[in-house]
Amino acid sequence: MSDTHHKASIDTQLSELLNTREIPSDYLISKTLKKISNQEEAKNYHRVWLLGLVSMMLFWLEIGAFLYFAGYQLITLAVYTILSSSINLVVGLIFLQKRRLMKGWKLQ
Amino acid sequence: MCETEEIIRSCRAGSSFAAQRLIEKHKTSLYSLTIKLTKNKYDAEDLFQETWVKVFRKLNSFDEKRSFENWLFTICLNTYRDQYSKKKRWLNIIQNYFSTDGTDQAFEKVQNTNISLEEEVVRTDEQLKLKKHLTQLDDRFRIPIILSYFNDSSYKEIAEMLKIPEGTVKSRISLGKKKLKQLLQEEWL
């Protein structure tokens, strides 16, 4: 057999062998989608916890700063705490919604 | 704006429907590549899933000027090189050995076409031999050959995907084919 024949033959054979398409099963696709969604949820879950922890620390820092500068007065502290935590909560929720961090929790 | 770009933007905005559309659109090409790379169905399925997980993790860094399919293949190739090429997945290889039979494939093909069974068995046998030698070929030669014939990718595209110079791609493909020819000739003798 000549070398040219071999060359053409190997090109054709490689093309026949490699230029084929296999269709993945629906089960594999659904498994893949589930894996992606689980990963997103886990990522979001950790982000939300981290964000919550940072916010909590900032909140107590804020209360500490308030007590340091304004001195201890029960009623002012109570009103301030309620107002501050409500504002923080609303801003936090808007922020989370905007960043789509709660996707996994089906809030959007 | 092309359809893929539109889908990618929706995916970035967090749409799970868009994610499904993106996977559906590229499922056949990616799955076919994973089958060719991994040598067995079970590893191919794992690689397929891991590639998509990485794609969605890195979607924000995708440059829309690039071809999405080439980017997808690059991620797949990197995942393969990181996790599959050096691992000896004996169980999967054994499972695959018992689940595929060339004669069955030839018989199925003949039932759907006008080719004679004898002709098809010879052709399938040749293909199986080529497949066996291609599987044994070093990944340095095997991967450029797969990319070149599987997707008719240009040398430039393959060079970009493998991050090697174009000249190296050309020489690896030519050397790989030479080695394959040699192995096939040895078997015919």
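Basis of the calculations
- Residues numbered from 1 in each chain as written.
- Chains lettered and ligands numbered in written order.
- Predicted model: local features only at pLDDT ≥ 70, side-chain atom pairs only at ≥ 80, totals over all residues.
- Heavy atoms only, no water.
- pLDDT = per-residue confidence, 0-100.
- Helix = DSSP H or I, 4+ residues; strand = E, 2+ residues; numbered from the N terminus.
- Buried < 20%, exposed > 50% of the residue type's maximum accessible area, 1.4 Å probe, protein only.
- Arc of directions from axis to C-beta.

A. Spatial organisation of the confidence of the model for chain B. Residues and elements named next belong to chain B. Counting all residues, the mean pLDDT for chain B is 82, and 81% of those residues have values of 70 or more. Mean pLDDT in chain B bottoms out at helix H5 (residues 90-99), which sits at 53, and peaks at helix H9 (residues 155-162), which reaches 93. Here the predicted complex scores 0.68 on pTM and 0.75 on ipTM.

B. Just helix H1 (residues 3-12) of chain B, in detail. Residues and elements named next belong to chain B. When H1 is considered as a whole, its buried residues turn out to be Thr4, Ile7, Ile8 and Cys11. Along the axis of H1, the buried positions cluster into a sector of 100 degrees, meaning they face one direction only. Downstream of H1 by one or two residues, glycine 14 has phi in the positive range, about 100 degrees.

C. Quick look at unusual backbone geometry. All names here are of chain B. Its identity is not glycine, yet aspartate 152 carries a phi of approximately 50 degrees, on the positive side. Located in the positive-phi region is lysine 163, a residue other than glycine, with phi close to 55 degrees. By the element assignment, lysine 163 lies in the loop between H9 and helix H10 (166-188). Judged by relative accessible area, which is 63%, lysine 163 ranks as exposed.

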